[in-house]
Amino acid sequence: MSTIMIVSTISFVVVILVLVLSLITIKKGYAYKHQIDPLPEEGNDNNEKGT
């Protein structure tokens, strides 16, 4: 086999591997469930402003 065929085959495998890993990462990113902290209570004196 010539050198150009070997390099082309390895390059093709690397490109396919990067594509698959990118798609897996994007899929995991969209599947992540984001959560927010609950709002603090209005009567909470622990967070006094101006002190």
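It should be emphasised that the depicted structure is a prediction, and the values quoted were computed from it without experimental measurement. (Residues numbered from 1 in each chain as written. Predicted model: local features only at pLDDT ≥ 70, side-chain atom pairs only at ≥ 80, totals over all residues. Heavy atoms only, no water.)

1. Focus: the overall build of the protein chain
Helix and strand counts for the protein chain come out as 1 helix and 0 strands. Per-residue burial over the protein chain gives 0% buried out of 51 residues. With an accessible surface of roughly 5,500 Å², the protein chain has 65% of that area assigned to carbon and sulfur atoms. (Helix = DSSP H or I, 4+ residues; strand = E, 2+ residues; numbered from the N terminus. Buried < 20%, exposed > 50% of the residue type's maximum accessible area, 1.4 Å probe, protein only. Areas by Shrake-Rupley, 256 points an atom, 1.4 Å probe, with all protein chains shown as cover.)

2. Structural notes on the UniProt feature "transmembrane region" (unreviewed entry) in the protein chain
The sites that carry the UniProt feature "transmembrane region" (unreviewed entry) are, in the present numbering, residues 6-26. With 100% helix and 0% strand, the stretch residues 6-26 has end C-alpha atoms that lie 31 Å from each other. (UniProt positions renumbered as here; feature names shortened; annotations may be inferred.)

3. Some details on a nonpolar patch on the surface
Where nonpolar side chains cluster on the molecular surface, the patch consists of F12, V13, I16, L17, L19, V20, L21, L23, I24, I26 and Y30 and spans about 1,100 Å² of accessible area. With respect to the helices, strands and loops of the structure, L17 is situated in helix α1 (residues 3-31). With relative accessibility at 51%, the residue L17 sits in the exposed group. (Patch = residues over 30% accessible without salt bridge, like charges linked within 9 Å, V, L, I, M, F, W, Y side chains within 5 Å. Salt bridge = Lys/Arg side-chain N within 4 Å of Asp/Glu carboxyl O.)

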